[in-house]
Amino acid sequence: TGKTSLASALAGVFGVDIYVLSLQDPSLNESIFQKLLSEVATRCIILLEDIDVAGMTRTPLLSTGITVEQRLEQKSSATSTGISLSCLLNAVDGVSSQEGRILVMSTNFPESMDKALTRPGRVDVHVQFELPSREQLHDLFLSIYSDVTPNEAREETTLEEEMHKGHSNVVDNSDTTSRSR
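Cut-offs applied
- Residues numbered from 1 in each chain as written.
- Predicted model: local features only at pLDDT ≥ 70, side-chain atom pairs only at ≥ 80, totals over all residues.
- Heavy atoms only, no water.
- Helix = DSSP H or I, 4+ residues; strand = E, 2+ residues; numbered from the N terminus.
- Buried < 20%, exposed > 50% of the residue type's maximum accessible area, 1.4 Å probe, protein only.
- Contact = heavy atoms within 4.5 Å.
- Areas by Shrake-Rupley, 256 points an atom, 1.4 Å probe, with all protein chains shown as cover.
- Arc of directions from axis to C-beta.
- Polar contact = N/O pair within 3.5 Å; in protein donor to acceptor, adjacent residues only side chain to side chain.
- Patch = residues over 30% accessible without salt bridge, like charges linked within 9 Å, V, L, I, M, F, W, Y side chains within 5 Å.
- Salt bridge = Lys/Arg side-chain N within 4 Å of Asp/Glu carboxyl O.
- Expected span 1.5 Å × (residues − 1).
- Pairing = 2+ DSSP bridges.
- Right-handed = clockwise from strand over helix to strand, strands pointing away.

Novice: Outline the overall build of the protein chain, listing residues and values.
Specialist: Counting its regular elements, the protein chain contains nine helices and three strands. A total of 181 residues make up the protein chain; the buried ones form 24% of that total. In the protein chain, of all internal contacts separated by at least 6 residues, the share reaching a separation of at least 24 is 76%. Total accessible area computed for the protein chain in this model is approximately 13100 Å², and 54% of it derives from carbon and sulfur atoms.

Novice: Tell me about helix H2 (residues 30–39), and please be specific about residues and values.
Specialist: Every buried residue belonging to H2 is among Glu30, Phe33 and Leu37, and all of these are buried. Looking straight down H2, one finds its buried side chains confined to an arc of 60°; they lie on one side. The exposed residues of H2 that point more than 90 degrees off its buried face are Ser31 and Glu39. The N-cap residue of H2 is Asn29: its side-chain oxygen and the backbone nitrogen of Ser31 are 3.1 Å apart.

Novice: Explain the side chain of Ser106 to me, and be specific about the residues and the numbers.
Specialist: Mapped onto the elements, Ser106 comes out in the loop between strand S3 (101–105) and helix H6 (115–118). Among the polar contacts listed, one links the side chain of Ser106 to the side chain of Glu49, at a separation of 3.1 Å. Other than its neighbours up to four places away in sequence, Ser106 contacts Lys3, Leu48, Glu49, Asp50, Ile51 and Asp52.

Novice: Describe a nonpolar patch on the surface, with residues and values.
Specialist: Together, Leu137, Leu140, Phe141, Ile144 and Tyr145 give the surface a local cluster of nonpolar side chains, amounting to about 580 Å² of exposed area. Turning to its location among the elements, Ile144 is positioned in helix H7 (residues 134–145).

Novice: Mind laying out helix H1 (residues 3–14), listing which residues take part and the relevant values?
Specialist: Taking 1.5 Å as the rise per residue, H1 with 12 residues should run 16 Å; its terminal C-alpha atoms sit 17 Å apart, in good agreement. Note on H1: the residue one or two positions beyond its end, Gly15, has a positive phi of about 65°.

Novice: Would you mind going over the environment of Asp93 in detail, with residue names and values included?
Specialist: If you trace the backbone, Asp93 turns up in helix H5 (residues 85–93). Residue class for Asp93 comes out partly exposed when judged on its relative accessible area of 34%. On a C-alpha basis, the gap between Asp93 and Val123 in space is 9.7 Å, while along the polypeptide they are 30 residues apart. Polar side-chain contacts of Asp93 include one of 3.0 Å to the side chain of Arg122.

Novice: How would you explain the pairing of strand S2 (residues 44–49) if you had to name every residue and give the values?
Specialist: Where burial is concerned, most of S2 is hidden: six out of the six residues are buried. Burial along S2 is two-sided: the residues Cys44, Ile46 and Leu48 and Ile45, Leu47 and Glu49 are all buried. Taken together, the six bridges between strand S1 (residues 17–22) and S2 define a ladder with parallel strand orientation. Residue pairing in the sheet places Asp17 in a bridge with Cys44 of S2. Note on the crossover from S1 through H2 to S2: the handedness is right-handed. With five bridges connecting them, S2 and S3 associate as parallel partners. Each residue of the ladder has a partner; that of Ile46, found in S3, is Leu103.

Novice: Help me get a handle on the pattern of salt bridges, residues and values and all.
Specialist: Under the defined criterion, the tally for this structure stands at three salt bridges. The closest approach of N and O atoms between Lys35 and Glu39, which form a salt bridge, is 2.6 Å. Here Lys35 pairs with Glu39, and both are found in helix H2, just four residues apart, close to one helical turn. Relative accessible area serves as the criterion here: at 49%, Lys35 is assigned to the partly exposed category. Of the residues examined, Glu39 reaches a relative accessible area of 53% and is grouped as exposed. A salt bridge links Arg119 to Asp93; the shortest N-O distance between them is 3.7 Å.

Okay, structure coming up:
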């Protein structure tokens, strides 16, 4: 839908490098995550892809029916093989965060994100991407594969529609004449 493309375009506009980190990587743990973030340039864009699949949502103990011991066991196994919410929050704006970086987080399920991660002041801009409309797809196709601009194409289409609207009994003889020769 364009989330990664937006981050790439921002990097081009600002003239900075972009570092893409997929939180789906099963080998990524907190230690590696923190090490990677400490090694990237101070002026860059960091794109954290598919942040929703990294297991960074909090589950209230009372609503799940699990015991405190089970929850602690889940937490310890999650932190050894993934990124905890605490680690991510620290990377975003805690002690290990650095000034001069733009952090872009992508998700297909924004409603599943923990409110602590997406609160104002921590995440300043939310951009929602939707699937393109038929008209947007048409314009995109024309902008890539045609010498005609989308506006010119719309003007031509409108002119053709006007010519045919209410004039269905009008026959274009130019085509007939060329066939009779």
